[in-house]
Amino acid sequence: MASSGSGYDLSSSTFSPDGRIFQVEYAAKAVENAGSALGLKCRDGVVLCVEKPVPNKMLLPNSSRRIHTVDSHSGVAITGFISDGRQIVNRAREEASNYFETYGTKIPPTVLADRMGSYVHYFTLHGSLRPFGATSLLASYDPETSEASLHMVEPSGVSHSYFGCAAGKGRQPAKTEMEKLALHKPAAEENISVREGVRQLARMVHAFHDEGKDKPFELEMSWLCEESGWEHRGVPRNVIREAVEWAKKDIEEAEEGDDESDEDDDEQGGDME
Amino acid sequence: MDTVFGVAYEGGVVLATDQTNARSILMYQKNLDKITQLSSHSAMGVSGPNSDLVNFTEYISKNLALYELSNDGLKLSTHAQANFARGELARALRKGPYQVNILLGGYDESTKTGGSLYFLDYLASLQKVNYGCQGYASNFCLSIMDREWREGMTEEEAVSTVENCINELHERFLISQNNFIIKVVDKDGVKVVKYGADPADN
């Protein structure tokens, strides 16, 4: 899968003959190997979720933050090189603060996403700088239009607005699961609520976690909805707990369902547990 | 010497200024339009030397246009525009101040009453108001506005209040200001209601 850069991958200011900038692609690889960050734009708000692998048993629980508040109405979840992500978050905070000082209004989500994208992009075209090895998921609310939105800014500097997005290790299965959810039905009421979104994200993280291969993890979740007063807040712990309980039960029931259909099959009959 | 009024009503803002362009004892022009359009749904009535008037209003309106071009057509609310203008006044204040006193009026769909009016002065103060006057006119006209303004006013009532103020000035103000121009900012944008002398007549 890895194609040889063969000399065109030494600097981010060099194109390869087939029009790629390898350094930017390698930066994206750094993100692909990190803990998953997921986001859902539900009918009544946005939810962000990060799977934090706990590398060391000596670590104090909940001590390392991956989701940061950038302004009262905006939050960013980072994955990849966490230190790189911190730089992006700090810049986003400055942009939001400057915007408010100039215009007396909260920075609109699209403007903030653009500014973050431009900042990240800047580091992909100067030879003496390296690209950010981090992807940011921006959940933001625009008080002028009363609409919440979800953006994702990648190491290349591109940013898009999403109904559901995922970055990091579990992004492929997450994207598949997200496509099954009611997120962008034409009739707004048919789409899932933020509460349902919290459950689904908890379910996804637990479902994709491989007990044998992956390290134990902590779940960090935040939301932006009416219940949070349209401010970026951490999802209350009891809500997360309830969501995780539901998620674990739902995964078990799904596996039992598979077990039952397995008993019908003569060939299969393996342990699904 | 310039007179600037503004009255906010349910669904928009009325702005009015006199049309005199003068310095010391000499009157250069009697048909100047001192209400400049800032964006599709906002305008500023400005008093002060013509140089600063033009410089400042063009600077602000072009920067607002640049914002729309840079941000995919996103528009700034009247509140944001007023804050931006005040920030520029503040920045220049201790370098080379703009000697302008402004009433900035605009229409935003997202606000409750639609119209909003902001008072900015040459020292970079900023205050949202229901009605206001700049210059000597305030001595004569604020009391009329105090008495006549009410919440939920219509455009007709607001224009009538402005005309009452103009009549009062004609009656009692020492300086003769024959011509006034009145504009309205509402959901359809900025339009001229009445003028004393056609600004286009040059």
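Residues numbered from 1 in each chain as written. Chains lettered and ligands numbered in written order. Predicted model: local features only at pLDDT ≥ 70, side-chain atom pairs only at ≥ 80, totals over all residues. Heavy atoms only, no water.

*Asks:* Please provide a residue-by-residue account of the confidence of the model for chain A, values included.
*Replies:* All names here are of chain A. Mean pLDDT over chain A stands at 90; residues scoring 70 or higher make up 93%. Per-residue pLDDT, averaged within each element of chain A, yields its smallest value for helix H6 (residues 237-264) (84) and its largest for strand E5 (residues 134-142) (97). In the predicted structure, residues 265-273 sits below a pLDDT of 50 and forms nine contacts with residues beyond four places in sequence or in another chain. (pLDDT = per-residue confidence, 0-100. Helix = DSSP H or I, 4+ residues; strand = E, 2+ residues; numbered from the N terminus. Contact = heavy atoms within 4.5 Å.)

*Asks:* Before we move on, can you summarise the interface of chain A and chain B with the specific residues and values?
*Replies:* On the chain B side, the residues contacting the nine residues of chain A number 10 residues. Carbon and sulfur atoms make up 53% of the surface buried where chain A meets chain B, a total of about 840 Å² over both sides. For chain A, the biggest contributors to the area lost against chain B are A:Thr102, A:Tyr103 and A:Glu144; these three give 52% of the whole. Linking chain A to chain B there are zero salt bridges. On the surface where chain A and chain B come into contact, there are three residue pairs in polar contact (both at pLDDT 80 or more). (Buried area = accessible area lost by both parts, 1.4 Å probe. Salt bridge = Lys/Arg side-chain N within 4 Å of Asp/Glu carboxyl O. Polar contact = N/O pair within 3.5 Å; in protein donor to acceptor, adjacent residues only side chain to side chain.)

*Asks:* Tell me what's going on with the nonpolar core, and back it up with residues and numbers.
*Replies:* A:Met116, B:Phe56, B:Leu89, B:Ile102 and B:Leu104 are the most contacted members of the largest nonpolar core, which has 43 residues in total. Leave out the neighbours within four places in its chain, and B:Leu89 touches B:Phe56, B:Tyr98, B:Val100, B:Ile102, B:Leu120, B:Asp121 and B:Ala124. Within the second largest apolar cluster, 29 residues are counted, among which are A:Met178, A:Leu183, A:Cys225 and A:Val244. (Core = buried A, V, L, I, M, F, W, Y, C linked by side-chain atoms within 4.5 Å. Buried < 20%, exposed > 50% of the residue type's maximum accessible area, 1.4 Å probe, protein only.)

*Asks:* Explain the packing of aromatic side chains residue by residue, including any values.
*Replies:* Per the stated rule, a full pass over the model turns up 15 aromatic pairs over all chains. Geometrically, the ring pair formed by A:Tyr103 and B:Phe84 is stacked, given 5.6 Å between the ring centres and 25° between the ring planes. Here B:Phe84 lies in helix H2 (residues 78-93) and A:Tyr103 lies in helix H2 (residues 82-103), a pairing that spans two chains. Of the two residues examined, A:Tyr103 and B:Phe84, each falls in the buried class. Relative to B:Trp149, the ring of B:Tyr131 lies with its centre 6.2 Å away and its plane at 45°, an arrangement referred to as tilted. Here B:Tyr131 is found in strand E10 (residues 131-134), whereas its partner B:Trp149 is found in the loop between helix H3 (137-148) and helix H4 (155-172), with 18 residues between them in sequence. We note A:Lys106 situated over the ring of A:Phe100; from NZ or CZ to the ring centre the distance is 5.2 Å. (Phe/Tyr/Trp six-rings, centres within 6.5 Å; stacked < 30°, edge-to-face > 60°. Lys NZ or Arg CZ within 6 Å of the ring centre and 35° of its normal.)

*Asks:* Describe in detail a nonpolar patch on the surface, supporting the description with residues and values.
*Replies:* Together, A:Tyr122, A:Leu125 and A:Leu129 line one region of the surface with nonpolar side chains, adding up to about 270 Å² of accessible area. Structurally, the position occupied by A:Tyr122 is in helix H3 (residues 109-122). (Patch = residues over 30% accessible without salt bridge, like charges linked within 9 Å, V, L, I, M, F, W, Y side chains within 5 Å. Areas by Shrake-Rupley, 256 points an atom, 1.4 Å probe, with all protein chains shown as cover.)

*Asks:* Any details on helix H1 (residues 50-70) of chain B? Residues and values, ideally.
*Replies:* Taking 1.5 Å of rise per residue, 21 residues should cover 30 Å, and H1(B) covers 30 Å from first to last C-alpha, within 8% of that figure. Listed in full, the buried residues belonging to H1(B) are B:Asp52, B:Leu53, B:Phe56, B:Thr57, B:Ile60, B:Ser61, B:Leu64 and B:Tyr67. The buried residues of H1(B) occupy an angular sector of 135° when the element is viewed end-on, so they sit on one face. Exposed side of H1(B), more than 90 degrees from the buried face: B:Lys62 and B:Leu69 are the residues found there. Residues of H1(B) that are buried in the fold lie against H2 and H3 of chain A together with strand E5 (35-39), strand E6 (42-47), H2 and strand E7 (101-107) of chain B. (Expected span 1.5 Å × (residues − 1). Arc of directions from axis to C-beta.)

*Asks:* Report on unusual backbone geometry, specifying residues and quantitative values.
*Replies:* Residues and elements named next belong to chain B. The backbone phi angle of Ser24 is positive, close to 55°, even though this residue is not glycine. Of note, Ser24 is situated in the loop between strand E3 (21-23) and strand E4 (26-29). At Asp72, a position not held by glycine, the phi torsion is positive, near 60°. The topology assignment puts Asp72 in the loop between H1 and H2.

*Asks:* Any chance you could break down the pairing of strand E2 (residues 45-53) of chain A for me, citing the residues and the numbers?
*Replies:* Residue and element names in this part refer to chain A. A large share of E2 lies buried, amounting to eight of its nine residues. Pairing of strand E1 (residues 37-42) with E2, which is carried by six bridges, proceeds in the antiparallel orientation. Bridge pairing in E2 places Cys42 opposite Gly45. Here E1 folds back onto E2, and the loop between the two strands holds two residues. Two elements, E2 and strand E9 (residues 217-225), share nine bridges in a ladder whose sense is antiparallel. By the bridge assignment for E9, Val50 is matched with Glu220. (Pairing = 2+ DSSP bridges.)

*Asks:* I'd like a rundown of the sheet that holds strand E11 (residues 180-186) of chain B, residues and numbers included.
*Replies:* All names here are of chain B. As summarised here, the arrangement of the five strands in space is E10-E1-E2-E11-E12, forming an open sheet in which the pairing is antiparallel. Because the sheet does not close on itself, it has two edges, and the strands there are E10 and strand E12 (189-195). Going across the sheet, the axis of each strand differs from the next one's by a mean of 15°, ignoring polarity. Two strands pair when backbone bridges link them, and strand E1 (residues 4-9) and E10 are joined in this way by four bridges, in the antiparallel orientation. Each bridged residue has a counterpart across the sheet, and for Val4 the counterpart in E10 is Gln134. Of the strands in this sheet, E1 and E10 are in contact with H3, which crosses E10 at around 170°. Lying over the sheet, H4 contacts E1, strand E2 (12-18), E11 and E12, oriented at roughly 160° with respect to E11. (Axes fitted to C-alpha atoms, helices over the stretch in contact; angles between N-to-C directions.)

*Asks:* Before we move on, could you go through the side chain of A:Glu95 and cite the residues and values that matter?
*Replies:* All names here are of chain A. Following the sequence through the fold, Glu95 ends up in helix H2. For Glu95, a relative accessible area of 11% puts it in the buried group. When sequence neighbours within four positions are dropped, the list of residues in contact with Glu95 reads Ile107, Leu112 and Arg115.

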